[in-house]
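Fold and geometry: a report
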Amino acid sequence: MTVLPLRPDLAGCEPYGAPELDVPVRLNVNENPYPPSPAVVSDIAQAVARAAAGLNRYPDRDFPELRAALADYLAVESGVRLSWEQIWAANGSNEVMLHVLQAFGGPERTCLSFTPTYSMYPEYARDTLTRYVTCPRRDDFTLDVDAVTEAIKRERPAVIILASPNNPTGTALPLDDVVAILEAARECGPAGVAGTDGTRDTHCVVVIDEAYGEFRRPGVPSALELLGRTDASGGARYPHLAIARTMSKAFGMAGLRLGYLAASQELVDMLRIVRLPYHLSAVTQATALAALSHRDELMSQVASLRAERDGLVDWLRQQGWTAYDSDANFVLFGPFADREAVWQGLLDRGVLIRVVGPDGYLRVCVGTPAEMERFRNALIAVTKEDHV
Ligand SMILES: Cc1ncc(COP(=O)(O)O)c(C=O)c1O
């Protein structure tokens, strides 16, 4: 019996996280399998050494240099030029999203999302005492925009979170759907809350979580281009749109913990209210800046990872399984009568993947060609030898 006053709603909860197992082939948390080159490592080490010489001081609270470098990166990656004031960053996009829920969620407020989706969303909501409501996606994991509109009207959420590409399904949202949802979100925020002009209801904040955005297939747009759109008076057409990105995936910097968000300056300034002072350490800022200066090299494997992913989808289908089209660096496949047994059989053969998503399905992340060969061989062995 504990004597500690844990919040009653946290009683019995376990800390979130996939099993961290030391096995030869780790394909369970959607990392980039390629480590940084010695040249990148050396530049980062020098940048960290320079930062270390000033560690007696607190870091820059607003870090304009890093935000400008992230804006430059987005301009190259998505062709959308944003100001540094439109960028926010924190320790992983997990923390960025927590800032969003801290600023806009809270008691008596609702966060709406669409399942199956990333399993941290309910945790951000829980931790900020925000009500978390979900609606199902269609069977192919796309969104039924009419149903989304209905849900928005019914729930009047403060925050809507849409992962695109979605985890664990790999599904990207068409821009038309995002636009329709942004329009439905206008003046449909928490009931009875006056907007900034003192008379109208607020808009719901719509977060498009593009953690896997760089892996999207050619022709699949990023919602970033909507941030550039203006209304008749020249203001932001979608002041309630936020796009979350991360350096953890395509960028190959999961260990750095640097996530970021692009939005209207008004929205970003509201996130600044809830951040802890100096939340982004000087070492993190220096490392991220050094890594961003090598963006071409760090991103050079994205094309081959995409090709490997498409090959994996084809291969899984040839074996007779269902594998969903993916715009991310992972593939959802199945169904298996006993997915836990398949997962365990793969693990016994040195390959760690993830049990997540709809019943019977598993998610595998794209690794190096050698890792994928090992995965394919192990999967065949599991299904033939273990009869699962
Ligand atoms: C959809 C989605 N969003 C956000 C994240 C969190 O990424 P980060 O490492 O930036 O916190 C993940 C991580 O797996 C993810 O799958």
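Residues numbered from 1 in each chain as written. Predicted model: local features only at pLDDT ≥ 70, side-chain atom pairs only at ≥ 80, totals over all residues. Heavy atoms only, no water.

**Topic: the sheet that holds strand E12 (residues 362-365)**
Pairing is antiparallel in the open sheet, where three strands are placed in the order E9-E10-E12. Each edge of the open sheet is held by one strand with a lone partner, namely strand E9 (322-323) and E12. Bridge analysis of E9 against strand E10 (residues 330-334) gives two bridges, and the strand direction is antiparallel. Among the inter-strand pairings, Ala323 is bridged to a residue of E10, identified as Phe333. (Pairing = 2+ DSSP bridges. Helix = DSSP H or I, 4+ residues; strand = E, 2+ residues; numbered from the N terminus.)

**Here's the deal with the site of the ligand**
Near the ligand there are 13 residues, and of these Ser93, Asp209, Tyr212, Thr246 and Ser248 occur at the shortest range. Note that an oxygen atom of the ligand is positioned 2.6 Å from one of the side-chain N or O atoms of Tyr212. Ser248 is positioned such that a nitrogen or oxygen atom in its side chain is 2.7 Å from an oxygen atom of the ligand. Within the complex, the protein chains bury 93% of what would otherwise be the 400 Å² of accessible surface of the ligand. Here the ligand is seated within the largest pocket. No other element matches the three residues that helix H3 (residues 92-104) contributes to the shell around the ligand. Looking at side-chain class alone, the shell around the ligand contains four nonpolar, six polar and three charged residues. (Near = heavy atom within 4 Å. Polar contact = N/O pair within 3.5 Å; in protein donor to acceptor, adjacent residues only side chain to side chain. Areas by Shrake-Rupley, 256 points an atom, 1.4 Å probe, with all protein chains shown as cover. 1 Å grid on protein atoms, 1.4 Å probe; cavity = no way out; pocket = protein on both sides within 12 Å on 5 of 7 lines; lining within 4 Å. Sits in = over half its atoms within 2 Å of the grid points. Nonpolar A, V, L, I, M, F, W, Y, C, P; charged D, E, K, R; others polar.)

**Quick word on the domain arrangement of the protein**
With domains assigned, the protein is organised as domain 1 (8-30 + 301-385) and domain 2 (41-297). Look at where the C-alpha atoms of domain 1 and domain 2 centre, and you get two points 27 Å apart. On the side of domain 2, 24 residues touch domain 1, which itself brings 23 residues to the contact. Interface area, domain 1 with domain 2, both sides summed: about 2000 Å², of which 56% is carbon and sulfur. Interface area lost by domain 1 to domain 2 is led by Tyr16, Asp327 and Phe330, which between them contribute 32%. The tally of links from domain 1 across to domain 2 stands at one salt bridge. One salt bridge in this structure joins Arg217 and Asp327, with 3.0 Å as the shortest N-O distance. Put simply, domain 1 and domain 2 have ten residue pairs in polar contact (both at pLDDT 80 or more) between them. (Domains from an automatic or database assignment. Contact = heavy atoms within 4.5 Å. Buried area = accessible area lost by both parts, 1.4 Å probe. Salt bridge = Lys/Arg side-chain N within 4 Å of Asp/Glu carboxyl O.)

**Some points on the pairing of strand E3 (residues 110-115)**
In terms of residue burial, E3 counts as a mostly covered element, since five of its six residues are buried. Bridging between E3 and strand E4 (residues 131-136) involves six bridges; their strand directions are parallel. Considered in E4, the bridge of Thr110 is made with Arg131. As judged from the three bridges shared by E3 and strand E5 (residues 159-163), these two strands associate in the parallel manner. Bridging from a neighbouring strand, Cys111 pairs with Val159 of E5. (Buried < 20%, exposed > 50% of the residue type's maximum accessible area, 1.4 Å probe, protein only.)

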